[in-house]
Amino acid sequence: MRSREIFAPPAPATSMADTLQLQKRGPFRSTWARSRKARPQLILSRRPRRRLRLLRWGGRRLLRRRLLQAQAAGADWREGSCLVSRSAAAPRPKTAVPSPVPRPVPSPTSSRASSPTSDEDTAPSCPAKLPIPPLRPAGPGRALLLLPREQVFTFSGTCRVTCLYGQVQVFGFTISQGQPSQDVFSTYTHSRLALSAVHYSVPEKSKKEMKREARTLLRAHLNRDDRCWVMKNFSPLCSIVMLETLKNSAVNFITSHPGLSYVFEQERTTFQINAEYFAMRSVGIKKEKKKNGLQLTESVLSALEELVSVACEEADGCPIILVCGSQDVGKSTFNRYLINQLLNSISCVDYLECDLGQTEFTPPGCISLFNITEPLLGPPFTHQRTPQKMVYFGKSTCKNNYENYIEIIKYLYKRESPLIINTMGWVTDQGLLLLVDLIRLLSPSHVVQFSSSRSRFMPQLTPSYVDDMDGLYTKSKAKVRDRGFYVPEFADSLEFGDEEKDSPVAFSGHKLMCVQSDFAFRKTPRNRESHNRVLRDLALLGYLGQLHPPPPKPLHPLHSLTPYQVPFSAVALRVIHSDVAPTHILYAVNASWVGLCKILDDVGGYTEGPVLLTQTPICDCLGFGICRGIDMEKRLYHILTPVPPEELRNVNCLLVGAISIPQCVLKSQHGFEGTIPYVTTDYNIKLPGASGKIGAREAEETYRKRQHPKARFYRKAH
């Protein structure tokens, strides 16, 4: 099919009689005849024509409406580089062979009025008002986005965002011109992210001066045609953004597993195949509806504004903000947005992770302390980071082990910058009492309590309620006074009471901020567990993605990577989620997710191994790895980990918890031929301990580890 010219001369004026004649339609006309009105801009191939005959009345009516709406908007599906208005489009000549439409000849007046050396002279005549926001391809894997003031561009996918001129905001973080590029991850597991133009203050400048300044800044990034397009559509206080393809090792590793590519990209039918569509496709993003983006309520916005103003005050610039609420009410999203907002004004933010199931920066089962200096522009599995201090708890819940949970939090607590404390979604029964203990222990200045119409009832944690409520390990203020203890106004220590729970505890007042969060979410009480398990697996895969070199180097499967060899006598072993007999300890360690820890005790001096611990220590965890095999003859552990060698020298303890390796790592790696190690369908679930719920069992086949200490985790190809 021969393509037409994009820009056509304006059509001749029609009389009123001709206009009435165009609007008149007979009731006997078929849908195909009526849709031919859009043919000058929307040329259908033979396949859609055949499909049109098979459509029912409702489908034909919907198709005709879309075609006529696209024609009224001036869409040109065959070129689409610039949308032409219907009045400016020339009627298609009724000939067998389509003839090219000549370009409009510029008038002598306009050529004399403009300078022959300016970029605007060589730019084609494009309509002054384009659909907002316009997007234009700017080379392979690049797209140019022009955002007028107070406009929003919602998208899905991954890209690298660079603000060339003005200011834009994404997920609460403001990106200004001259700042480094930011990696943005808008996934289908969370609300879509959006780029919004921010009102920025400029000195008294005319539009001509602003255009000259923008042209100077764009000269180092764009070619002449792109600059012409920008200058033609430039408006005061607009922002110019460059979107580029993002190549990330963690994203590549996650999408390499079958069934997980939907996290970043989903196929769906689209009716707008134009230059904007191909530009977004080359970058790796898709335009989304605004309703799919993050929607913040008024109470959330007011809480964010107040907390940011408190953190930026010079008098008390280090608030302690504790965020609590039931499951799936938006606590983690609020924390990320708050961190991004704070980083707009201050250099760093401290973050204490007390949620064991849905951790933000580490694999699940950890309690950790972080110092955040970079924005969080994606879900947790896209920004796995190394903490300042971390302790491996080993389970996704603290039930039946509350004392150890409290002791770990006291071990990690530190306050140097504004501190955000994330808590668990367990706020009923003993979980509520444990939350009261945390408020007394950490003495936050602000408590942000989330509630939703779909969440369970939770009493408001006012200072008076916390004072009068007994926790798991603390007594109320009234009972402490009755026992004759002195309660200081501020405590310098974080120690709890003795075994009788009667020693003095600090009761410092806090400001309660109740936040109502009502938003549509995919989680329901029926699929919550499976959804959370998928998110935990994605966090583990994001951590394992650090094993691979950054692009453009190729991605290697895990079984082709060389592991570290660790002697039995160099590290101590401990299974922290269950009691395992010493004779079966190697069965539990083999092909397991292990925490690489550092204990104060000296484990050297043992000629034989393995070295076993009788109690679970509270110690620093330096990272994680996979015990991919055990060599019984040489008495070596084979550990695969992204922790650098200089840190591995300090590791002298391996902790094994209930966090298991994702099944896709065992089943879906490339390069295997024949039987896959540690995967079997011949498994007797009637054996003692075989029905333990470590992970969800699939319906058709049951996959279990071939627990033999001499087996290898992976089989290398010869």
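Residues numbered from 1 in each chain as written. Predicted model: local features only at pLDDT ≥ 70, side-chain atom pairs only at ≥ 80, totals over all residues. Heavy atoms only, no water.

A.B. asks: Which parts of the structure should I look at to understand the pattern of salt bridges?
C.D. replies: Side chains that differ in sign of charge can pair as their charged atoms come close. In this structure the tally under the stated criterion is nine salt bridges. The salt bridge involving R142 is made with E244; its shortest N-O contact spans 4.0 Å. Taken together, the residues R142 in strand β2 (residues 142-147) and E244 in strand β8 (residues 239-244) connect sequence positions 102 residues apart. For R142, a relative accessible area of 25% corresponds to the partly exposed category. Measuring nitrogen to oxygen at the nearest pair gives 3.0 Å for the salt bridge that ties E360 to R336. Placement of E360 in the loop between β11 (349-353) and β12 (366-372) and of R336 in helix α12 (residues 331-343) is noted, with a sequence separation of 24 residues between them. (Salt bridge = Lys/Arg side-chain N within 4 Å of Asp/Glu carboxyl O. Helix = DSSP H or I, 4+ residues; strand = E, 2+ residues; numbered from the N terminus. Buried < 20%, exposed > 50% of the residue type's maximum accessible area, 1.4 Å probe, protein only.)

A.B. asks: Explain the sheet that holds strand β20 (residues 611-612) here, please?
C.D. replies: Consider a sheet: its strands pair through backbone hydrogen bonds, and that pairing is either parallel or antiparallel. Strand order in the open sheet formed by seven strands is β17-β22-β21-β19-β23-β18-β20, with mixed pairing between adjacent strands. Each edge of the open sheet is held by one strand with a lone partner, namely β17 (564-567) and β20. Where strand β19 (residues 593-598) meets strand β21 (residues 620-631), six bridges bridge the pair, whose relative direction is antiparallel. Directly across from W593, in β21, lies its bridge partner I626. (Pairing = 2+ DSSP bridges.)

A.B. asks: How do you make sense of the packing of helix α11 (residues 298-311) against α12 when you look at a structure like this?
C.D. replies: How two helices pack is summed up by the angle between their axes together with the distance between the axes. Contact geometry for α11 and α12: axes closest at 10 Å, N-to-C directions at 40°. If you check the angle between α11 and α12, you find them oblique. Taken as a pair, α11 and α12 cross one another with a handedness that is right-handed. Across from V300, A303, L304, L307, V308 and A311 in α11, the residues of α12 making contact are F334, Y337, L338, Q341 and L342. (Axes fitted to C-alpha atoms, helices over the stretch in contact; angles between N-to-C directions. Parallel < 35°, antiparallel > 145°, perpendicular 65-115°, else oblique. Left-handed = near helix turned anticlockwise from the far one by under 90°. Contact = heavy atoms within 4.5 Å.)

A.B. asks: Explain the packing of aromatic side chains here, please?
C.D. replies: The relative placement of two aromatic rings is captured by the distance of their centres and the angle of their planes. Taken as a whole and judged by the stated rule, the model has 15 aromatic pairs. Ring geometry for F361 versus F370: centroids 4.7 Å apart, planes at 45°, classification tilted. There is no split in this pair, since F361 and F370 are both buried. Between Y402 and W426, the aromatic rings sit 6.1 Å apart at their centres with planes inclined by 25°, giving stacked as the arrangement. Here Y402, found in helix α13 (residues 402-412), pairs with W426, found in the loop between β14 (419-422) and α14 (430-442); they are 24 residues apart in sequence, far enough to count as distant. In textbook terms, an aromatic cluster arises when at least three aromatic residues are bridged by ring pairs, as seen for Y392, Y543, W593 and F624. Sitting over the face of the ring of W426, K399 holds its NZ or CZ atom 5.1 Å from the ring centroid. (Phe/Tyr/Trp six-rings, centres within 6.5 Å; stacked < 30°, edge-to-face > 60°. Lys NZ or Arg CZ within 6 Å of the ring centre and 35° of its normal.)

A.B. asks: Is there a simple way to think about the pairing of β2 in this case?
C.D. replies: A regular strand places its side chains so that they alternate between the two faces of the sheet. Burial analysis of β2 places five of its six residues in the buried class, which makes it a mostly covered element. Hairpin remark: strand β1 (residues 135-137) followed by β2, antiparallel, with four residues in the connecting loop; positive phi at G139, about 115°. Pairing of β2 with β8, which is carried by six bridges, proceeds in the antiparallel orientation. Its bridge partner lying in β8, R142 is registered against E244.

A.B. asks: Explain α13 here, please?
C.D. replies: What sets the pattern is the α-helix's 3.6 residues per turn: residues three or four places apart point alike. In terms of burial, α13 is a largely internal element, eight of the eleven residues being buried. Every buried residue of α13 is accounted for by Y402, N404, Y405, I406, I408, I409, K410 and L412. The inward-facing, buried residues of α13 abut β11, β12, β13 (389-392) and α14.

A.B. asks: Can you walk me through the pairing of β12 in this structure?
C.D. replies: In terms of burial, β12 is largely enclosed, as six of its seven residues are buried. Inspection of the sheet shows β11 paired to β12 by five bridges, in the antiparallel sense. In the strand pairing of β12, D350 is matched with N371. Where β12 lies against β13, four bridges are found, and the strand directions are antiparallel. Its bridge partner lying in β13, C366 is registered against Y392.

A.B. asks: Explain the state of the cysteines here, please?
C.D. replies: One pass over the full model with this rule turns up zero disulfides. Between C324, a cysteine without a disulfide, and C514, which holds the nearest cysteine sulfur, the sulfur-to-sulfur distance is 8.9 Å. Just so you know, C597 is unpaired, no disulfide at all, and the nearest cysteine sulfur is the one on C621, 4.0 Å from it. The class for C597 is buried, based on a relative accessible area of 1%. (Disulfide = S-S within 2.5 Å.)

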